[in-house]
Amino acid sequence: MSMTSAEAARRPLSIETTVDDEHDLFRNELASVAPDGRRRWIYARQPSGRFYRWRSWLSWGLLAFLVLAPFVRVNGLPLLMFNVIERKFVFFGLLFWPQDFYMVVLVALAVLVTLMLSTVTVGRVWCGWLCPQTIFMEMLFRKIEYLIDGSAEQQLRRSRGPWTAGRVVRTGTKLTIFYVLSFAIANVFLAYIIGSDALWAIITDPPSQHVVGLTVIVIFSFVFFLVFARFREQACVLACPYGRVMSSLIDRQTITVTYDFARGEPRARLVKGAAAVPDAGDCIDCHQCVTVCPTGIDIRNGVQLECVNCTACIDACDAVMDRVQRPRGLIRLTSHEAVVDGRLRWLTPRSAAYAVVWVGLMTAVTWIVASRSALDVTTLRQPGTLYADLGDGRVGNFYNVQVFNRTGDLRPFEIHALEPAGASVTPLGLTAEIGPHALLEGRVLVALPLASLEGHQSVPVRFEVRTGGTVIQTLSSAFVGPPTRNGTRGTSGSGGQ
Ligand code: SF4
Ligand code: SF4
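In every chain, residue numbers begin from 1 and rise along the written sequence. Chain letters start at A and ligand numbers start at 1, both assigned in the order the entries are written. Whole-chain, interface and lining totals are the exception, using all residues; otherwise, since this is a predicted model, local features are given only for residues with pLDDT of at least 70 and side-chain atom pairs are given and counted only at 80 or more. No hydrogens and no water enter the side-chain calculation; it runs on all heavy atoms of the structure.

**Comments concerning the overall build of the protein chain**
Going by this rule: Only DSSP runs of H or I covering at least 4 residues are called helices, and only runs of E covering at least 2 are called strands; the numbering of each starts at the N terminus. Based on C-alpha atoms, the radius of gyration is set beside the globule rule, defined as 2.2 Å times the residue count to the power 0.38. Only protein chains enter the area calculation, which uses a 1.4 Å probe; residues under 20% of their type maximum are buried, those over 50% are exposed, and those in between are partly exposed. Contacts were defined at the residue level, with two residues in contact if any of their heavy atoms lie within 4.5 Å. Per-residue and other accessible areas were derived by the Shrake-Rupley procedure at a 1.4 Å probe size, with only the shown protein chains allowed to occlude residues.
Within the protein chain, the secondary structure is distributed over 16 helices and 17 strands. For 497 residues, the compact-globule estimate of 2.2 N^0.38 gives 23 Å, and the protein chain exceeds it by more than 25% at 32 Å. In terms of overall dimensions, the protein chain has a C-alpha envelope of 110 × 55 × 40 Å along the principal axes. Counting over 497 residues, the protein chain shows a buried share of 45%. Partitioning the contacts of the protein chain with sequence separation of at least 6, the portion at a separation of at least 24 is 67%. Carbon and sulfur atoms provide 64% of the accessible area of the protein chain, an area that totals close to 25,400 Å².

**Examining the site of ligand 1**
To keep it simple, the criterion reads: It suffices for a single heavy atom of a residue to lie within 4 Å of a molecule or strand for the residue to be listed as near it. Put simply, Ala, Val, Leu, Ile, Met, Phe, Trp, Tyr, Cys and Pro go in the nonpolar bin, Asp, Glu, Lys and Arg in the charged bin, and everything else, Gly too, in the polar bin.
In the vicinity of ligand 1, 13 residues are found, and the nearest of them are C283, C286, H287, C289 and C317. Elements that contribute at least two residues to the shell around ligand 1 include exactly α13 (288-291) and α14 (312-323). Here the residues of the shell around ligand 1 are counted per class, giving 9 nonpolar, 2 polar and 2 charged.

**A few points about the site of ligand 2**
Around ligand 2, the surrounding shell holds 13 residues, and the nearest of these are C293, C307, C310, T311 and C313. For the shell around ligand 2, the per-class residue count stands at 10 nonpolar, 3 polar and no charged.

**As for the packing of helix α7 (residues 165-194) against helix α8 (residues 196-204)**
Note the cut-off: Axes here mean lines fitted to C-alpha atoms, for a helix over just the part in contact, with angles spanning 0 to 180 degrees between N-to-C directions. Oblique is the label for any angle not under 35 degrees, not over 145, and not in the 65 to 115 range, which are roughly parallel, roughly antiparallel and roughly perpendicular in turn.
At a minimum axis separation of 7 Å, α7 and α8 run at an interaxial angle of 130°. Classified by the interaxial angle, the pair formed by α7 and α8 is oblique. From α7, N187, L190, A191 and I194 reach across to α8, where they touch S196, A198, L199, I202 and I203. Class assignment of the residues belonging to the contact of α7 with α8 gives a composition of 7 nonpolar, 2 polar and no charged.

**Considerations on the packing of aromatic side chains**
How two aromatic rings sit relative to each other is given by the distance of their centres and the angle of their planes. To keep it simple, the criterion reads: Note on ring pairs: Phe, Tyr and Trp rings are taken, using the six-membered ring of Trp, and paired if centres are within 6.5 Å. Classes follow the plane angle, with under 30 degrees stacked, over 60 edge-to-face and the rest tilted.
According to the stated counting rule, one finds 15 aromatic pairs in the structure shown. Arranged with centres 5.1 Å apart and planes meeting at 50°, the rings of W97 and F404 form a pair that is tilted. Of this pair, W97 sits in the loop between β5 (94-96) and α3 (101-122) while F404 is found in strand β10 (residues 394-405), placing the two residues 307 residues apart along the sequence. Judged by relative accessible area, which is 6%, W97 ranks as buried. The class of F404 is buried, set by a relative accessible area of 2%. Summarising the aromatic geometry, the rings of F141 and F178 are spaced 4.9 Å apart at their centres and angled 70° between planes, so their arrangement reads as edge-to-face. Taken together, the positions of F141 in helix α5 (residues 132-149) and F178 in helix α7 put the pair 37 residues apart, joining distant regions of the chain. Of the two residues, F141 and F178, both sit in the buried class.

**A short note on unusual backbone geometry**
Across the chain, the bulk of peptide bonds are trans and the bulk of non-glycine residues have phi less than zero. Of note, the amide linkage connecting E265 to P266 takes the cis form, showing an omega dihedral of -5°. The topology assignment puts P266 in the loop between α12 (261-264) and α13. Cis geometry marks the peptide bond from E419 to P420; its omega dihedral reads 5°. In this fold, P420 is placed in the loop between β12 (414-419) and β13 (424-428). Despite not being glycine, N309 has its phi angle at roughly 65°, a positive value. Mapped onto the secondary structure, N309 falls in the loop between α13 and α14.

**Some points on the pairing of strand β8 (residues 375-381)**
Cut-off, in case you're wondering: We call two strands paired when DSSP finds no fewer than two bridges between them.
The element β8 is extensively covered by neighbouring structure, given that 6 of its 7 residues are classed as buried. Summarising the sheet, β8 and β10 pair through 7 bridges and their orientation is antiparallel. Its bridge partner lying in β10, L380 is registered against N400.

**A short note on the nonpolar core**
This is how it is decided: Throughout this description, the term nonpolar core refers to a set of buried Ala, Val, Leu, Ile, Met, Phe, Trp, Tyr and Cys residues connected via side-chain atoms within 4.5 Å.
With 23 residues, the main nonpolar core has V403, F413, I415, V446, F463 and F479 as its most contacted residues. Among the elements of the structure, β8, β10, β15 (439-449), β16 (458-467) and β17 (470-480) are those that each provide at least two residues to this core. Residues within four places of F463 in sequence aside, it is in contact with T379, Y399, I415, H416, A417, L418, V425, V446, Q473, T474, L475 and S477. Counting residues in hydrophobic clusters, the runner-up holds 22 residues, among them A69, I135, F136 and F225.

**So, the layout of surface pockets**
Basically, it comes down to this: Within this scheme a cavity is a closed region of a 1 Å grid, computed over the protein atoms alone, that accommodates a 1.4 Å probe without allowing it to escape, whereas a pocket is open but has protein on both sides within 12 Å along at least five of seven lines; lining residues each have an atom within 4 Å of a point. Grid points are joined across faces, edges and corners, and a volume is the space filled by probe spheres set on the points.
Its volume calculated, the largest pocket comes out at about 1,600 Å³. In terms of lining residues, the largest pocket is bounded by 36 residues, among which L66, L80, F82, W126 and P132 are the most central. Secondary structure elements with two or more residues in the lining of the largest pocket: α2 (50-68), β3 (80-83), α3, α4 (125-130), α5, α7, α9 (211-231) and α16 (349-370). The element that contributes the greatest number of residues to the lining of the largest pocket is α3, accounting for 7 residues. Taken together, the residues that form the lining of the largest pocket break down as 33 nonpolar, 3 polar and no charged.

In short, geometric facts, not functional conclusions.
Below you can see the structure in the form of structure tokens.
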């Protein structure tokens, strides 16, 4: 016997409860894939309503941010840059070098926990409202498609008709605009990776000087073109790992786009002039919520992996409720639990636990970023060398030095030896100042009177880094001298920091 959606929704989930009634068939197939495996093209109607309006405004702001972020400069640095080639990352004007990798990991963890916390609390709000894929697809490419190809119904009609001259022109125009936009997006994408200066050099220099860069732009352009012209919602439904992982975080208390089955069922079509069906719910089975869905699903089947929380179905259903003079909110932002027993909870034990982890991580990230020094210096004993006899009663060790300037200013710096007593530092190919946001590499020679070794082959050495008279860092390493008289060797022939 077939059960209602309300009964099905209240039923505890189990593997056995997925196949034996018509309302559960959606679990076995994707809206965008026909039973024979072919792609089923989704002609989504253009939504209209308050959520779509809010989403459009937000999208224009985010689009402007996405496009400008690699070009806008703060303290001489782009707002955002993820230069994996040079391992140089910039977050909102803060520069991170490979030495700060632990910090990048911490920031990535903080971002992940932020997404988890938001998903547990308000579902896949990232997907529908903030994700660049959705913003470009729904707010740019889809709107251009509506402008050129007309409404979803017109698109469907044309797709089933012959290839007339008008259809060829429309399709050609649309695809050309799509490619130009994809090309622009590819350029912006590259600016995030190599920086806007390097991108500008690729654009303005003779093409022969940037064959690799130009090839990458062309490849990216084609990839973006294919994603927005063909792959579309499949990126969210099939390819995106976030969608897959985050869907598993949603539970009955998560506030997400939800159909109020308690109010809507049993659904009954509203037929003009016919008597109202007794005990019918508020859903008039008009399918408006399905026709606007960019992933082609029916939200009345419950929360599904394909739902990107875009709220288009809320707008569509609200418009229907207005027309039939019933209260809005048959589909709304609420939780399954609230529909069943009226309890809407923003804070649950799970979201509280994520919030605690989130606060801890954000505190750690803020503290570490705020307490970073202006310069970061690393010293490493030069590999392959032990010591040099300087011929004046002293022995010397060579150290490779790297200096990172995190600031946008020219910085003077000095490296001194703190211990052992009598140690002196001579820079070799290392200037006394470093340019803004620069990396400086060179060597220093540390000389030590033999007597300071006090019979040991290896002794610890400590350096002090000063800038403008202020000590900003102390470093430790090992100093290696000649073998001791009994022939035993010291701790290590190639010391570390
Ligand atoms: S738009 Fe509203 S009334 Fe129409 S089918 Fe969807 S839920 Fe039912
Ligand atoms: S079910 Fe509603 S919220 Fe979910 S993707 Fe479809 S239209 Fe958007």
